[in-house]
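Commentary on secondary and tertiary structure
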Amino acid sequence: MQDLEGAWMLHKAMGGSGQRRLNLVSPDETGYTGVGLHRAWGGKGCLYIMPIQHRLNTAPLPFDAPEFSGMPKAKCATCNEHVPLQLLSLHVEMCVVAEEDITVLSDTNTTDVKICCPICQQWMDKAFIEAHASTCGDSHPDVPDVTEQDELSECHPDESSMSNGSGRRAEQSERPLRPKDLNDILKGLEANVDKSTTFSIAVIREGLLERGLKQWQRQKKATPSNPLRVTFLSEAGIDNGALRSEFLTEMLAGLESRFFEGESCGKAPKYSITDVDNNNFKTIGEIFAVSIVQGGPPPNFLMKWCYDYIATGEINFTDLTEDSVADVELRTLLQQVHEADSSGLLEMSEQIISCGYTGLITEDKKEEIVRAVVLHGTLRLCPILLQLSSGMALFGLMEAVRQEKELCQSLFVQELCTKIDADFVVGSLMPMFSERGTAKRQRECEVVNLLQDYIQDLEDQEHDNSCDVGQFCQWMTGQKHLPITSSQREDFKIIVEFQHDCHFRYGDHEICFPLVNACARAITLPVAHLSTAEEFREVMGKAFKFGGEFGRC
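What counts and how
Residues numbered from 1 in each chain as written. Predicted model: local features only at pLDDT ≥ 70, side-chain atom pairs only at ≥ 80, totals over all residues. Heavy atoms only, no water. Buried < 20%, exposed > 50% of the residue type's maximum accessible area, 1.4 Å probe, protein only. Helix = DSSP H or I, 4+ residues; strand = E, 2+ residues; numbered from the N terminus. Pairing = 2+ DSSP bridges. Axes fitted to C-alpha atoms, helices over the stretch in contact; angles between N-to-C directions. Contact = heavy atoms within 4.5 Å. Salt bridge = Lys/Arg side-chain N within 4 Å of Asp/Glu carboxyl O. Phe/Tyr/Trp six-rings, centres within 6.5 Å; stacked < 30°, edge-to-face > 60°. Lys NZ or Arg CZ within 6 Å of the ring centre and 35° of its normal. Patch = residues over 30% accessible without salt bridge, like charges linked within 9 Å, V, L, I, M, F, W, Y side chains within 5 Å. Areas by Shrake-Rupley, 256 points an atom, 1.4 Å probe, with all protein chains shown as cover. Lys, Arg positive; Asp, Glu negative; His and termini not counted. Charge placed at Lys NZ, Arg CZ, Asp CG, Glu CD. Parallel < 35°, antiparallel > 145°, perpendicular 65-115°, else oblique. Nonpolar A, V, L, I, M, F, W, Y, C, P; charged D, E, K, R; others polar.

**Focus on the pairing of strand S15 (residues 522-526)**
Buried residues dominate S15, accounting for five of its five residues. Side chains of S15 alternate between two faces, with Ala 522, Thr 524 and Pro 526 and Ile 523 and Leu 525 buried alike. Looking at chain direction, strand S13 (residues 494-499) and S15 are connected through five bridges and run parallel. From the neighbouring strand, Gln 499 faces S15, where its bridge partner is Pro 526. As defined by bridge partners, strand S14 (residues 515-517) adjoins S15 across three bridges and the pair is classed as antiparallel. Bridging across to S15, Asn 517 finds its partner in Ala 522. Between S14 and S15, which pair antiparallel in sequence order, lie four residues; one of them, Arg 521, sits at a positive phi of approximately 55 degrees.

The following block contains the structure:
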């Protein structure tokens, strides 16, 4: 108030119920006077001072302010400061001395000195800190020596308590824990996705592999480290996960057949210097990483020795056998070497020498010739695998593979069957039934039974049908692979809803197709058109055939 130079007005409160308005108290011609205020205010309630050109300083006055000079004071037992008696209770509630500020000033009076234990963060007298720390640190081998801690606290008390106390605990809390299973690894990788922007790709379904690779390598406004967002041109679908999953599913199937070769023992990259020069295998590695982290299928079709080399950077030559060779021409050469006699080996000498064999080409040297062909067929793929691993560095995937080689092996090597079967799809169905005892619920139960029989028939008669269980699941959800982890399998549910009033909505019609929401993993079945197994098979077959794209059939 001392700094205000007349530029202020008085207001009074009118009304009640906690919603009172402030009304201006108009001054007299000569300004505010006692008579004028008494007439306008009446001495009831409060007057509020509102400056016009300034802001009132509402900060609390210090306890040594002149305004408190005439008030009785008492000493605070915590900070030893003299506080006005009327404000002591408020001060006691706010006077919490930070324990970090308690330092050792001298060794003259050790009974009043408090030191923080660097292990349990408890404050205690300096005389007892050594005995306490000697037992408190039994289960903490990383704790520094107590005497060293005392010396640090005497010289630089604030810094020592920070570096050896809370700093030590911060280091221990920030130290990453070793993942327990594959689910922990995937959660850590998902946290590394840069969500600042989206990596958008727009393609058509025809020629998806080649167009997808070209659009992927463009990377103008974003990179594969961002969330992938897919658009299928000329389709009405909006990507909330299903379009991305379907794109990655189709891309991995195309990559497997175009860039890899092999049989039941797994596949290895096709030897192509042109693809290496175009950085195609780096792009393939990026697609592998995005598919694993962002809901696509895992590329679990590699040979074991290929994965071992990616994970360790070394080759165990004892693991390389004839089954490790995936090249068709070299496998044919190995078979011819086994069946050839001396003259036949001489006819194949040019091919044998081109594989790096420098010994005698005789019948008793067959094992050495075979070994040379095996090493030639595998070692020439090492630069390709290195380029593949450089693309897999996205989201820290390569670091996880190197640190947890055994846990990540199932992502790249086919150990168990990852193909979706009828039992998994049926077990994932979640019908939204009507109330019990109603006629609607009875019809819905019949339709669900028909759906279960239809899915099981797709598996039992796979060679006679135009689609299999995996393709049918991809049509409903966007993915045809089994979820990677057990928690993902538990969360995978397909909502089944029922439509009973299609005739009222669409008028007279002969056929009505189910409505699929792939992103929500939901399907709505028209109950009125699914009365028999034959009718169900006809409707679902046409829906699958003509409704493969994202849009109305």
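**What to know about the sheet that holds S14**
The strand order S12-S13-S15-S14 describes an open sheet built from four strands, whose pairing is mixed. Two strands close off the open sheet at either side, each with one partner strand: strand S12 (429-431) and S14. Along the sheet, successive strands turn relative to each other by an average axial angle of 25 degrees, direction set aside. For S12 and S13, the ladder comprises three bridges, and the chain directions are parallel. Residue pairing in the sheet places Leu 429 in a bridge with Ile 494 of S13. The sheet contacts of helix H21 (residues 469-477) involve S13, S14 and S15, and relative to S14 the element is tilted by about 80 degrees.

**A word on the pattern of salt bridges**
For the structure on display, the rule yields 12 salt bridges. One salt bridge connects Glu 246 with Arg 205, and the closest N-O pair in it is separated by 2.8 Å. Residue Glu 246 is found in helix H8 (residues 242-259), and its partner Arg 205 is found in the loop between strand S8 (199-203) and helix H7 (208-218); the two are separated by 41 residues along the sequence. Since its relative accessible area comes to 7%, Glu 246 is described here as buried. Across the pair Lys 304 and Asp 308 runs a salt bridge whose closest N-O atoms are separated by 2.8 Å. Taken together, the positions of Lys 304 and Asp 308, both in helix H11 (residues 304-312) and four residues apart, correspond to about one turn of that helix.

**Quick look at the pairing of strand S10 (residues 260-263)**
In the sheet, S10 pairs with strand S11 (residues 266-269) via four bridges, with the strands oriented antiparallel. Its bridge partner being in S11, Gly 262 is matched across the sheet by Lys 267. If you look at the hairpin formed by S10 and S11, you'll find two residues sitting between the two strands.

**Observations regarding the environment of Thr 197**
Within the secondary structure layout, Thr 197 lies in the loop between helix H6 (182-190) and S8. Along the sequence, Thr 197 and Thr 223 sit 26 residues apart, while their C-alpha atoms lie 9.0 Å from each other.

**Notes on the packing of aromatic side chains**
Inspection of every chain in the model, using the stated rule, returns 13 aromatic pairs. Ring centres of Phe 260 and Phe 301 lie 5.1 Å apart, and the angle between their planes is 70 degrees; on these two criteria the pair is classed as edge-to-face. Here Phe 260, found in strand S10, pairs with Phe 301, found in the loop between helix H10 (280-293) and H11; they are 41 residues apart in sequence, far enough to count as distant. With a relative accessible area of 9%, Phe 301 lands in the buried category. An aromatic cluster of at least three residues, connected via ring pairs, comprises Phe 259, Phe 260, Phe 281, Phe 288 and Phe 301. In this arrangement the basic side chain of Arg 205 is found over the ring face of Phe 232, its NZ or CZ atom lying 4.2 Å from the centre.

**Overview of a negative patch on the surface**
Together, Asp 341, Glu 347, Glu 363 and Asp 364 give the surface a local cluster of negative charge. With respect to the secondary-structure elements, Asp 364 resides in the loop between helix H14 (349-354) and helix H15 (366-379). You can call Asp 364 exposed: its relative accessible area is 65%.

**Overview of the packing of helix H12 (residues 328-339) against H15**
Two elements in contact, H12 and H15, have axes separated by 10 Å at closest approach and are oriented at 175 degrees. One finds that H12 runs roughly antiparallel with respect to H15. Facing H12, whose interface residues are Leu 330, Leu 333, Leu 334, Val 337, His 338 and Glu 339, H15 presents Lys 366, Ile 369, Val 370, Val 373, Val 374, His 376 and Gly 377. Residues belonging to the contact of H12 with H15 are distributed by class as follows: eight nonpolar, three polar and two charged.

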